[in-house]
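One-letter residues, chain by chain:
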There are 2 protein chains.
Amino acid sequence: MAQCKKAGTKTIVETLQTKGYRLTTGRIALLELLLEAGRPLNVREILESWKGHPLNQVTLYRALENLSDTGVINRVDLNTGTARYEYTPNKPHHHHLVCTKCDVVEDVESCTVSTLQKKVLSGSRRFKSIYSHNLEFFGICRSCAK
Amino acid sequence: MAQCKKAGTKTIVETLQTKGYRLTTGRIALLELLLEAGRPLNVREILESWKGHPLNQVTLYRALENLSDTGVINRVDLNTGTARYEYTPNKPHHHHLVCTKCDVVEDVESCTVSTLQKKVLSGSRRFKSIYSHNLEFFGICRSCAK
DNA sequence: ATAACTATTGCAAGTAATTTGCATTAGTGT
DNA sequence: ACACTAATGCAAATTACTTGCAATAGTTAT
């Protein structure tokens, strides 16, 4: 994991540099937390995980925005009421499966939507381009089903 | 359109009744507005469309929640910052194509995700059931592309 | 129709998420 | 080590949305 972080960090610095962003100690703490969590966290969860406070809440919001900007992390909306952020440098394009009782989230990697995306674009007179899509599945996990 | 409304209203009353909800004048005004708009509106847009105020903002929030409950309207999140609601009784299952510059929204009716949904469920050990999915496409419309 | 029952409404206030302005601090390149 | 500029924290503001409660309007049974 430290190794993974080290290897990842190098590229991340470069990625941030292209937008003039700096990889500060607070942002490193944030990225490490998201990496370890392995699932999308919201602001409240991030702040609660931090006993010391590597980043103030306001700064955290700004860091999340900047890092999302560069694609190092990804903002997802899973209908849980607040935005969530996930660490993405080591992850391929994927979607999510969300339990609407306990909010547990599972990644879904099989994505056949890219071909669908082309069809959708060719079926639209009004749109010039489509550059992304969101696909989330909602269901009930086994432990909530009991 | 008046005809469409009349025909629709009958069923809507019945739909609401099953949950003990009433179809009040304010809610009728809301449904008419959403029907005429033909696209998902957020709370601010609804209130601005109403010169007189058929429903107070607070009541509007409650009405939107109740009506969503019954499926007469549908709440959608299009990453535009606030929840949007669309009139659905006359609409088949569909998705959306959103321009991220001007927020114009187009319906996408071809949905092949139901089969994908089954695959996703069978690929998950943790989940017992999947009952819905969100799929939204993001792009740039032709007039914003100029 | 009318009365009784209960959902709906509006007001005032509250909560939670997110943003902004500004002075101070910390990274980065030379 | 110096200069330049992004990042940070504080206080305060904004925005979306919710809650409690008394008054009102819709529905059902008579």
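Residues numbered from 1 in each chain as written. Chains lettered and ligands numbered in written order. Predicted model: local features only at pLDDT ≥ 70, side-chain atom pairs only at ≥ 80, totals over all residues. Heavy atoms only, no water.

**Section: the interface of chain B and chain A**
For the record, the criterion: Working rule for contacts: check all heavy atoms of both residues, and any pair within 4.5 Å makes them a contact. Two parts placed together each lose some accessible area under a 1.4 Å probe, and the buried area is that loss summed for both. Here, a salt bridge means any Lys or Arg side-chain nitrogen found within 4 Å of an Asp or Glu carboxyl oxygen. Polar contacts here mean pairs of N or O atoms no more than 3.5 Å apart (in protein, one a potential hydrogen donor and the other a potential acceptor; neighbouring residues in sequence count only if both atoms are side-chain atoms). Comment: elements are numbered from the N terminus, with helices defined as DSSP H or I runs of at least four residues and strands as E runs of at least two. Side-chain classes follow a simple rule in which Ala, Val, Leu, Ile, Met, Phe, Trp, Tyr, Cys and Pro form the nonpolar group, Asp, Glu, Lys and Arg form the charged group, and the remainder, Gly included, forms the polar group.
With 36 residues of chain B at the interface, the matching set in chain A holds 36 residues. Summed over both partners, the interface of chain B with chain A comes to about 3400 Å²; 61% of that surface belongs to carbon and sulfur atoms. If you look at where chain B meets chain A, you find zero salt bridges. Counting the contacts that link chain B with chain A gives 20 residue pairs in polar contact (both at pLDDT 80 or more). Contributions of two or more residues to the side of chain B that touches chain A are made by β3 (95-99), β4 (105-108), α5 (113-122), β5 (127-141) and α6 (142-145) of chain B. Considering each element in turn, the side of chain B that touches chain A owes the most residues, 15 residues, to β5(B). Of the residues in the side of chain B that touches chain A, the class split is 18 nonpolar, eleven polar and seven charged.

**Observations regarding the relation of the copies chain B and chain A**
To be explicit about the condition: Superposing copies: least-squares fit, C-alpha atoms only, residues required to have pLDDT of at least 70 in both.
In the superposition of chain B on chain A (RMSD 0.1 Å, axial shift 0.0 Å), the rotation amounts to 179°. The superposition operator between the copies reduces to a two-fold rotation axis. Across chain B, the rotation axis passes nearest the C-alpha of B:Leu135, at a separation of 2.2 Å. The share of interface residues of chain B whose copies in chain A are also at the interface is 100%, consistent with both copies meeting through the same surface.

**Let's talk about the domain arrangement of chain A**
All names here are of chain A. Note the following rule: Here the bounds of each domain stem from an automatic or database domain assignment.
As assigned here, chain A comprises domain 1 (2-87) and domain 2 (95-145). Taken together, the contacts link eight residues of domain 1 with seven residues of domain 2. Taken together, the two surfaces of domain 1 and domain 2 that pack against each other cover about 610 Å², and 62% of this comes from carbon and sulfur. On inspection of domain 1 and its partner domain 2, the count reaches zero salt bridges. Our count for the domain 1 to domain 2 interface comes out at one residue pair in polar contact (both at pLDDT 80 or more). Partitioning the side of domain 1 that touches domain 2 into residue classes produces three nonpolar, two polar and three charged.

**Some points on the packing of helix α2 (residues 25-37) of chain B against helix α4 (residues 57-70) of chain B**
Residues and elements named next belong to chain B. Which entries qualify depends on this criterion: Orientation is described by lines fitted to C-alpha atoms, with helices fitted over the stretch in contact, and by angles between N-to-C directions that extend from 0 to 180 degrees. Note that the term roughly parallel is reserved for angles under 35 degrees, roughly antiparallel for angles over 145, roughly perpendicular for angles of 65 to 115, and oblique for everything else.
Running from N to C, α2 and α4 point in directions that differ by 70°, and their axes come no closer than 11 Å. It follows from the interaxial angle that α2 and α4 lie roughly perpendicular. Together, Arg27, Leu30 and Leu31 of α2 and Leu60, Ala63, Leu64, Asn66 and Leu67 of α4 make up the contact between the two elements.

**Structural notes on the protein's contact with DNA strand D**
Stated precisely, the cut-off is as follows: A cutoff of 4 Å decides nearness: a residue is near a molecule or strand if any of its heavy atoms lies inside that distance of it.
As a structural note, the neighbourhood of DNA strand D is formed by 19 residues, with A:Arg22, A:Thr24, A:Arg27, A:Asn56 and A:Arg62 the closest of them. Taking the atoms of DNA strand D that fall within 4 Å of the protein, sugar and phosphate contribute 63% of them. With respect to DNA strand D, the side chain of A:Thr59 contributes an N or O atom lying 3.2 Å from a phosphate oxygen. In the model, a base oxygen of DNA strand D is placed 2.7 Å from a nitrogen or oxygen of the A:Arg62 side chain. Among the elements of the structure, α4 (57-70) of chain A together with α4 of chain B are those that each provide at least two residues to the surface near DNA strand D. Here the surface near DNA strand D gets four residues from one element, more than from any other, and that element is α4(B). Along the lines of polarity and charge, the residues of the surface near DNA strand D split into six nonpolar, eight polar and five charged.

**Brief notes about the protein's contact with DNA strand C**
Taken together, 19 residues lie near DNA strand C, and A:Gln57, B:Thr24, B:Arg27, B:Asn56 and B:Arg62 sit nearest. Those atoms of DNA strand C that come within 4 Å of the protein belong to sugar or phosphate at a rate of 63%. For the surface near DNA strand C, the elements supplying multiple residues, two or more each, are α4 of chain A together with α4 of chain B. The element that contributes the greatest number of residues to the surface near DNA strand C is α4(A), accounting for four residues. Each residue belonging to the surface near DNA strand C can be placed in one class, and the counts come to six nonpolar, eight polar and five charged.

**A short note on the nonpolar core**
Here is a general trend for soluble globular proteins: nonpolar side chains tend to be buried in one another's company. The condition that has to hold: Nonpolar cores are built from buried Ala, Val, Leu, Ile, Met, Phe, Trp, Tyr and Cys residues. Side-chain atoms within 4.5 Å join them into one set. Under the scheme applied here, a residue whose accessible area is under 20% of the maximum for its type counts as buried, over 50% as exposed, and between as partly exposed, the area being computed with a 1.4 Å probe on protein chains only.
Counting residues in hydrophobic clusters, the biggest one holds 25 residues, and the most contacted among them are A:Phe137 and B:Phe137. Of all elements in the fold, only β3 (95-99), α5 (113-122) and β5 (127-141) of chain A together with β3, α5 and β5 of chain B reach the threshold of two or more residues within this core. The biggest single contributor to this core is β5(B), with six residues. With residues near it in sequence (within four places) discarded, B:Phe137 still touches A:Val113, A:Leu116, A:Gln117, A:Val120, A:Ile130, A:Ser132, A:His133, B:His96, B:Leu97, B:Val98 and B:Val108.

**Thoughts on the pattern of salt bridges**
All told, the structure shown has eight salt bridges over all chains when counted by the stated rule. Residue B:Glu45 pairs with B:Arg84 through a salt bridge whose shortest N-O separation is 2.9 Å. On the criterion of sequence distance, the pair formed by B:Glu45 in helix α3 (residues 43-49) and B:Arg84 in strand β2 (residues 84-87) is long-range, its members being 39 residues apart. The burial state of B:Glu45 is the same as that of B:Arg84; both residues are buried. Among the ionic contacts, a cluster of salt bridges with common partners joins A:Arg39, A:Glu45 and A:Arg84.

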